[in-house]
Amino acid sequence: MQSQQFQDLLNAIALLTSQQRNTLINALSEQNSPSDIAKSIEDSFVRAPKCPHCGSENIQRWGMRNQRQRFRCKSCRKTLNSFSKTPLARLRHPERWPQYLEGMTHSLTLRPAARQCGVSLKTSFRWRHRFLQAIEHDQAPELSGITELDETFFRESFKGQKKGLPRAARKRGNEKKTECRQIPVMVARDRDNQTVDGILENQSADELCRHLNGRINIEAVVCADASLAHEKLARTLGFTFKELVSSSGIRVIEGVFHLQHVNAYHSHLKKWITGIFHGVATKYLAHYLGWRRALTSINTLTADRLANKILEFIHFQPLKAT
């Protein structure tokens, strides 16, 4: 831009409306958006190179491919780049990832997300599940204080699968006429809105312990429905257990111990999955549980914060919070 054009631009700023000023600020901030995951990963790898195949740090540059620096490990002699062995390996169009992540913060479905980013439906699907794979295990480090524990159920779904179904295909709306396997999902949530969840193979204490061991502070007080599995879990992990007997009308103990928060989380989770996405395949259910945790773990999930979670998962320097 010529100096005179730049001066004219500066003079025009005083004439902008409040809305136009905000639009200009957003446009300028996007030029240096910290949600540029690709560049952040490449910069972090250069600062601390490590072979994803053998763990060696003895790496040398090995030419360029598709405008991306490649490396070669001197120990195992394999070639790699900054994305090798990460959920983002072999994904194209990294310049469009921030825009796609922005859509995910608004629970955008596949087709609108594909149109917004100018990619195919297949690419939109691949991007979604690669990004979700990176945050699938982003659980709360520890639950403390008053913690609520309960299970909910999702109907087993083979959505999108056309071959190899373990049962005959059925049409929508006939749940009452056809037996259907229910998938148990455990959700534990404290009063600070920290969440740990997981898909259970069965409703045993061992399964609950597999997800909650090391995740509940020993001084926590856990509220849960009366069941042998919950009692055994409390004995195994050593926390205080407040047993609620809903069948006898005991839903609140001492005015503070109840399951209202976790039940509300169940309700919002089911409405989100069935209302926006019209159900999800059971094999991808863990991805959506992680997505919902990300949406509810902080007040406002932005593309930058979602990118930060992805970068933390793949062990690179996280982005600065904005």
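Here the structure is a predicted model, which means the values were calculated and not measured. (Residues numbered from 1 in each chain as written. Predicted model: local features only at pLDDT ≥ 70, side-chain atom pairs only at ≥ 80, totals over all residues. Heavy atoms only, no water.)

## Focus: the overall build of the protein chain
- Per the secondary structure count, the protein chain includes eleven helices and eight strands.
- Counting the 322 residues in the protein chain, one finds 41% classified as buried.
- Within the protein chain, residue pairs in contact and separated by at least 24 positions form 59% of the contacts whose partners lie at least 6 positions apart.
- Carbon together with sulfur atoms contributes 48% to the accessible area of the protein chain, which is approximately 19,100 Å² in total. (Helix = DSSP H or I, 4+ residues; strand = E, 2+ residues; numbered from the N terminus. Buried < 20%, exposed > 50% of the residue type's maximum accessible area, 1.4 Å probe, protein only. Contact = heavy atoms within 4.5 Å. Areas by Shrake-Rupley, 256 points an atom, 1.4 Å probe, with all protein chains shown as cover.)

## Some points on the nonpolar core
- In terms of nonpolar packing, the biggest core is built from 50 residues, with I37, L88, W97, L101 and F131 touching the most fellow members.
- Among the elements that line this core, the one with the most residues is helix α10 (residues 285-297), at six residues.
- Residues contacting L88, with those up to four places away along its chain left out, are I37, I41, F83, W97, R130, F131 and I310. (Core = buried A, V, L, I, M, F, W, Y, C linked by side-chain atoms within 4.5 Å.)

## So, helix α9 (residues 260-276)
- For α9, with 17 residues, the first-to-last C-alpha span of 23 Å sits near the 24 Å given by 1.5 Å per residue.
- Among the residues of α9, V262, Y265, H266, L269, W272 and I273 are the ones counted as buried. Viewed along the axis of α9, the buried residues span an arc of 135°, placing them on a single side of the element. Of the residues in α9, the exposed ones pointing more than 90 degrees away from the buried face are Q260 and K271.
- Looking at the packing, one finds that the buried side of α9 touches β4 (146-155), β5 (182-190), β6 (195-199) and α10. (Expected span 1.5 Å × (residues − 1). Arc of directions from axis to C-beta.)

## Looking at the sheet that holds strand β2 (residues 68-73)
- Strand order in the open sheet made by the three strands is β1-β2-β3, with antiparallel pairing throughout. Each edge of the open sheet carries a strand with a single partner, namely β1 (59-65) and β3 (79-81). If you compare each strand with its neighbour and ignore which way they point, the axes differ by 40° on average.
- For β1 and β2, the ladder comprises five bridges, and the chain directions are antiparallel. Within the sheet, the bridge partner assigned to M64 lies in β2 and is Q69.
- Contacts from helix α3 (residues 37-47) reach β1, β2 and β3 within the one sheet, and its direction differs from that of β2 by about 35°. (Pairing = 2+ DSSP bridges. Axes fitted to C-alpha atoms, helices over the stretch in contact; angles between N-to-C directions.)

## Concerning the confidence of the model for the protein chain
- Within the protein chain, residue pLDDT values average 87, and 88% of them lie at 70 or more.
- Below pLDDT 50 for its whole length, residues 30-34 participates in five contacts with residues either more than four positions away or in separate chains.
- Residue range residues 317-322 is modelled with pLDDT below 50. Its contacts to residues more than four positions away, or to other chains, number 16 contacts. (pLDDT = per-residue confidence, 0-100.)

## Focus: the packing of aromatic side chains
- Across all of its chains, the model carries twelve aromatic pairs by this definition.
- Geometrically, the ring pair formed by Y100 and W127 is edge-to-face, given 5.5 Å between the ring centres and 90° between the ring planes. Within this pair, whereas Y100 is found in helix α4 (residues 97-104), its partner W127 is found in helix α6 (residues 121-135), the two being separated by 27 residues in sequence.
- On the numbers, 5.3 Å between centres and 65° between planes, the contact of F277 with Y288 is edge-to-face. Taken together, the residues F277 in the loop between α9 and α10 and Y288 in helix α10 connect sequence positions eleven residues apart. Of the two residues, F277 and Y288, both sit in the buried class. (Phe/Tyr/Trp six-rings, centres within 6.5 Å; stacked < 30°, edge-to-face > 60°.)

## Focus on the pairing of β5
- Where burial is concerned, most of β5 is hidden: eight out of the nine residues are buried.
- Two strands pair when backbone bridges link them, and β4 and β5 are joined in this way by nine bridges, in the antiparallel orientation. Each bridged residue has a counterpart across the sheet, and for F153 the counterpart in β5 is P184.
- Strand direction decides the pairing type here: β5 and β6, joined by five bridges, are antiparallel. Directly across from R189, in β6, lies its bridge partner T195.
- Taking the residues between adjacent antiparallel strands as the criterion, β5 and β6 are bridged by four residues, where N193 takes a positive phi near 65°.

## Some details on α6
- Compared with the 21 Å implied by 1.5 Å per residue over 15 residues, the 22 Å span of α6 between its first and last C-alpha is a close match.
- At its buried positions, α6 is contacted by α4, α5 (110-117), α10 and α11 (303-313).

## A short note on the packing of α6 against α11
- It is the contact of α6 with α11, at a shortest axis distance of 8 Å, that shows an interaxial angle of 65°. Here α6 lies roughly perpendicular to α11, going by the angle between them. Our pair here, α6 against α11, has a crossing hand that is left-handed. In this structure, α6 contributes F131, Q133, A134 and I135 to the contact, and α11 contributes L306, K309, I310 and F313.
- Partitioning the contact of α6 with α11 into residue classes produces six nonpolar, one polar and one charged. (Parallel < 35°, antiparallel > 145°, perpendicular 65-115°, else oblique. Left-handed = near helix turned anticlockwise from the far one by under 90°. Nonpolar A, V, L, I, M, F, W, Y, C, P; charged D, E, K, R; others polar.)

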